[in-house]
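Here is how the chains run, residue by residue.
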Amino acid sequence: MTDKKNYSGIDFFRLIAALLIIAIHTSPLSSFNETADFILTRIIARVAVPFFLMTSGFFLISEYTQNTKKLTAFIKKTLLIYAAAILIYIPINIYNGYFKTDYLLPNIIKDIIFDGTLYHLWYLPASVIGAVIAWYLVKTFKYPKAFAASAILYTIGLFGDSYYGISDKISCLNNFYQLIFQVSDYTRNGIFYAPIFFIIGGFIADKRQETGLLKSICGFFVSFTLMFAEALILHRFKLQRHDSMYVFLLPCMYFLFNIILYFKGKRHTGFKNMSLIIYIIHPMMIVIIRLFAKLFHMQKWLIENSLIHYFTVCLTSVIFSLLLTVLYNKCMPKKTKQNPGTDRAYLQIDLNSLEHNVKVLKEAMSADCELMAVVKAEAYGHGMYEIASHLEKIGVKAFAAATIDEGIMLRRYGIRGEILVLGYTQVFRAKELYKYDLIQTLTDHEYSVLLDEQGYNIKTHIKIDTGMHRLGFDTDEAKNIFSVFRMKNIKVYGIYTHLCVSDSLLDEDVNFTKMQIKSFYKVLHTLEQMHITLPKIHIQSSYGLLNYPELKCDYVRTGIALYGVLSSPDNKTKLHLDLKPVLSLKSKIILIKTVKKGEYVGYGRAFKARKDTKIAIIPIGYADGYPRNLSCGKGYVLINGHFAPIVGKICMDQLTVDITDIPDVKAGTIVTLIGTDGDKEICAAALSDISGSITNEILSRMGRRLDIVTNKTIDDPKFCIKS
Ligand SMILES: *Cc1c(COP(=O)(O)O)cnc(C)c1O
């Protein structure tokens, strides 16, 4: 389902995790019951740090992102915070006599890299080191191997942590760990502990199949119980040297994170900074409270009662973080988004309309059918980056591109969903299909054989030609199709056909379409008889859905309808969906002139003024995709809510309109070439019709030289910057 408000669970759990970490450092139940305190701080609270690491991994690590900028930005930010934290705690270091230890310099280096200069600060260098290791493992090996490698590191960590009692008894192991402990006080650090959590976080983000809530809850309880038993046994037999790493912590975190992702609602990104501040500042609060208690002789309450102590530390830390957040928001001016390139001609993309269309289309589709967003040709001229990244943000998981290069581009933009390449890809590019995890359309038998011979495990959808006579296997080729399912390397995930007159409701066209659908199902039936388990099936594109909504498929490949327009203005459809146009084409007047009666305008003197005429020059031409055959009064634009006809020939980069009767027009006045102005509208379908074409063609030719302006910033850290 569409859920743009996806991560509110993460936001809330950040605060919970921060409070759990305070518990680890204050032992709230210690004055009541040691075992209860062990359970709270050494078992339950042990989920907090992995949660933070997984959250970082969730937004940072991806098999698909090619852009190392994200990693460097993360490292820079974390190091900056670390540097600030080190400075803040220098007074406490001095008070503790930190600088009086022997071998000061080696100790400082060791602490800065692994242990932190105060006990809790180890987390920051660990997340930098962990992120780097996880990033390179995932980039080089993909998930299974990357996970295995990080699991080996984690295992080494385990035997220096909760299971140290075992390695302690084996002399060669013992020597090995003594060596490690010379460099890092614990194995709970950036090398052995952090990478695996980053990788699991990235994995969950990349491969998000909704693990059912019930399954996640059960999984969590089972693994938590096992971890509980594991911890108590290790504790009982005094095997723990330190107690932050358990075997069952891993499945426990996987399920917990899936449960957290289930909480949907408004995001509270402010909690991110708050939890960070709480994390960094709480040891300071502990010190301050101790001082305060000593000064006012309140040790009995504030210190000796561990629970009150805990709550006081929590309260003061939360208040402090709130104050700092408020102060920060007050002092830091809000970054206002500068829309680039509205000075000449631009496409205004309304992402709210896009969201609306997705919702409306999904409602029209059968319940378990998925929307496959067709974003070929720069998303029909709307800007592939802007459209696809927003669609992914609101929960669309399947995309279609025309070419392999468009598919690769989508991956570069950080798209993690399925990507089907609708067109033909040269077989020598098989490795790229595999590398970027693209799904290739199989166009015929010979091609399938060749692709299989390349030796890569490529995901594919088989295309069946049911009468369009473009790409696809013939319907009488069941044997050939069958053989594809049995091929060694390529894997079939889908089978589809394309309708060629689904936009027409004329009887003979409807009959033709029904014949196409029937022969497609006949092929499927034959395959079933050959004991093939059918993969996902799809038939409809936009008009397929609008005119044949009763078909039950696994996907609908929606292109033009997603963008809220019809192909031509007189298309009648069975379903009348309330779709909203996503794109407007705008420009600004750069110059106004008066042409005297008898004077000419433009190339070929195509316009001759019959009377004194006021014209406006607009900086957009056919090189921007605006059709040249709208010249000489065929086309018109909107200025201040009035229609202004185009005069003379449209040039490559400019055109002229008649504004004689329009009031208040100045240089700089906005011109609408597609879209609404006041109560008037120029719809893309009408404009395309006048120019003798269809909306699909006209829109898909735009978006190269035109700047794209959206009404939302696309700033989810998951998506890399367009480079
Ligand atoms: C372009 C394309 C679509 C999308 O068509 P719309 O009519 O824009 O929805 C669907 N399927 C295939 C095979 C395509 O090439």
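Residues numbered from 1 in each chain as written. Predicted model: local features only at pLDDT ≥ 70, side-chain atom pairs only at ≥ 80, totals over all residues. Heavy atoms only, no water.

*Asks:* Which parts of the structure should I look at to understand the environment of Ala194?
*Replies:* When you line up the elements, Ala194 lands in helix α10 (residues 194-206). Distance from Ala194 to Met54, taken between C-alpha atoms, is 8.8 Å for residues 140 residues apart in sequence. If we skip the residues at most four places from it in the chain, Ala194 touches Leu53, Ala126, Gly130 and Asn189. (Helix = DSSP H or I, 4+ residues; strand = E, 2+ residues; numbered from the N terminus. Contact = heavy atoms within 4.5 Å.)

*Asks:* I tried to follow the site of the ligand on my own but got confused; where do I start?
*Replies:* In the vicinity of the ligand there are 14 residues, among which Lys376, Tyr380, Ser542, Arg557 and Gly559 approach most closely. For the ligand, a nitrogen atom lies 2.8 Å from a polar atom in the side chain of Arg557. For the ligand, whose accessible area on its own is 390 Å², the fraction buried by protein is 89%. The cavity that encloses the ligand is the second largest pocket. Listing elements by their share of the shell around the ligand, those giving two or more residues are α17 (376-380) and β10 (555-558). A class-by-class count of the residues in the shell around the ligand yields 4 nonpolar, 6 polar and 4 charged. (Near = heavy atom within 4 Å. Polar contact = N/O pair within 3.5 Å; in protein donor to acceptor, adjacent residues only side chain to side chain. Areas by Shrake-Rupley, 256 points an atom, 1.4 Å probe, with all protein chains shown as cover. 1 Å grid on protein atoms, 1.4 Å probe; cavity = no way out; pocket = protein on both sides within 12 Å on 5 of 7 lines; lining within 4 Å. Sits in = over half its atoms within 2 Å of the grid points. Nonpolar A, V, L, I, M, F, W, Y, C, P; charged D, E, K, R; others polar.)

*Asks:* It is not clear to me how the layout of surface pockets should be interpreted in this structure. Could you clarify?
*Replies:* One water molecule sets the probe size; rolling that probe over the atoms shows where empty space is left. Counted as a void, the second largest pocket has a volume near 620 Å³. Lining the second largest pocket are 27 residues, with Lys376, Tyr380, Arg470, His498 and Ser541 sitting closest to its centre. Of all the elements in the fold, those that place two or more residues in the lining of the second largest pocket are α17, α24 (542-547) and β10. Taken together, the residues of the lining of the second largest pocket sort by class into 13 nonpolar, 9 polar and 5 charged. (Points joined across faces, edges and corners; volume = space filled by probe spheres on them.)

*Asks:* What should I look at first to understand the packing of aromatic side chains in this one?
*Replies:* When we look at a pair of aromatic rings, we describe it by the centre distance and by the angle of the planes. Counted by the stated rule, this structure contains 32 aromatic pairs. Judged by centre distance (6.2 Å) and plane angle (85°), the ring pair of Phe74 and Phe198 falls under edge-to-face. A residue pair is termed long-range when its members are at least 10 positions apart, and Phe74 in helix α4 (residues 69-88) and Phe198 in helix α10 qualify at 124 residues. When its relative accessible area of 18% is taken as the criterion, Phe74 is described as buried. A residue is classified by how much of its surface remains accessible, and Phe198, at 0% relative accessible area, is buried. Members of the aromatic cluster, connected to one another through ring pairs, are Phe13, Phe51, Phe52, Phe58, Phe59, Trp122, Tyr123, Tyr154, Tyr193, Phe197, Phe257 and Tyr279. (Phe/Tyr/Trp six-rings, centres within 6.5 Å; stacked < 30°, edge-to-face > 60°. Buried < 20%, exposed > 50% of the residue type's maximum accessible area, 1.4 Å probe, protein only.)

*Asks:* Help me understand empty space enclosed by the protein in this model?
*Replies:* Per the stated rule, a full pass over the model turns up 3 cavities of 30 Å³ or more. Roughly 40 Å³ of volume is contained in the second largest cavity. Taken together, Lys463, Ile464, Asp465, Thr466, Gly467, Met468, Arg470, Leu471, Thr497, His498 and Gln516 make up the full set of residues lining the second largest cavity. With 3 residues, the single largest contributor to the lining of the second largest cavity is strand β6 (residues 459-465). Counted by class, the lining of the second largest cavity contains 3 nonpolar, 5 polar and 3 charged residues.

*Asks:* For this particular structure, what's the right way to read the confidence of the model for the chain?
*Replies:* Here the chain averages 92 in pLDDT, while 96% of its residues score no lower than 70. Long-range and interchain partners of residues 1-5, a stretch whose pLDDT sits below 50, account for 14 contacts in this model, where long-range means more than four residues apart. Contacts of residues 715-723 to residues separated by more than four positions or lying in other chains number 30 contacts, the stretch itself having pLDDT below 50. (pLDDT = per-residue confidence, 0-100.)

*Asks:* Help me understand the environment of Ile200, please; the structure alone is not making it clear to me.
*Replies:* With respect to the secondary-structure elements, Ile200 resides in helix α10. When near neighbours in sequence (up to four residues on either side) are disregarded, Ile200 contacts Met54, Phe147, Leu250 and Tyr254.

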